[in-house]
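# Per-entry structural report
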Amino acid sequence: MSAQPEEASTPPAPAAAAQLRADRRADAWVPALERDWAKALEDSRHTYSLTPLHDVVRTWQLRVAAAPAVDAYMDSGRDESGFVDLDDILGARR
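A brief report on the enclosed structure follows.

The rules behind the values
Residues numbered from 1 in each chain as written. Predicted model: local features only at pLDDT ≥ 70, side-chain atom pairs only at ≥ 80, totals over all residues. Heavy atoms only, no water. Salt bridge = Lys/Arg side-chain N within 4 Å of Asp/Glu carboxyl O. Helix = DSSP H or I, 4+ residues; strand = E, 2+ residues; numbered from the N terminus. Buried < 20%, exposed > 50% of the residue type's maximum accessible area, 1.4 Å probe, protein only.

### What to know about the pattern of salt bridges
Across all of its chains, the model carries 6 salt bridges by this definition. We note a salt bridge from aspartate 71 to arginine 24, for which the minimum N-O separation is 2.6 Å. Here the residue aspartate 71 occupies a position in helix H3 (residues 51-75), and arginine 24 occupies one in the loop between helix H1 (15-22) and helix H2 (26-47), the gap between them amounting to 47 residues. For arginine 24, a relative accessible area of 66% translates into the label exposed. When the shortest N-O distance is used, the salt bridge between arginine 45 and glutamate 42 registers 3.7 Å. Separated by 3 residues within a single helix, arginine 45 and glutamate 42 lie in helix H2, roughly one turn from each other. Residue class for arginine 45 comes out partly exposed when judged on its relative accessible area of 37%.

Below, the structure written as structure tokens:
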């Protein structure tokens with residue numbers, strides 16, 4: 001069995017991934033995308049299905065698309081310091 005090239009484990013560069021790499025959140029988001037992609041790639045190898053890879057791409061496309069709305073909300077000056085953690089109300093999830 002021949003070794004696969006290093007590029008096979010890195011995520012593809014669709015428009016969303018390129019946009020993500022150019023975003024101010026790139027330091028946090030790019031490693032998370034690469035981690036999600038590596039897990040999906042491994043899952044795909046075991047299941048012989050491309051669904052995990054499609055799910056990663058779809059999820060990250062939605063995150064990138066939602067980022068401007070999240071920025072607008074955060075920039076609106078709303079005070080989020082008085083929130084109650086759901087775990088405090090419902091108890092720790094198992």
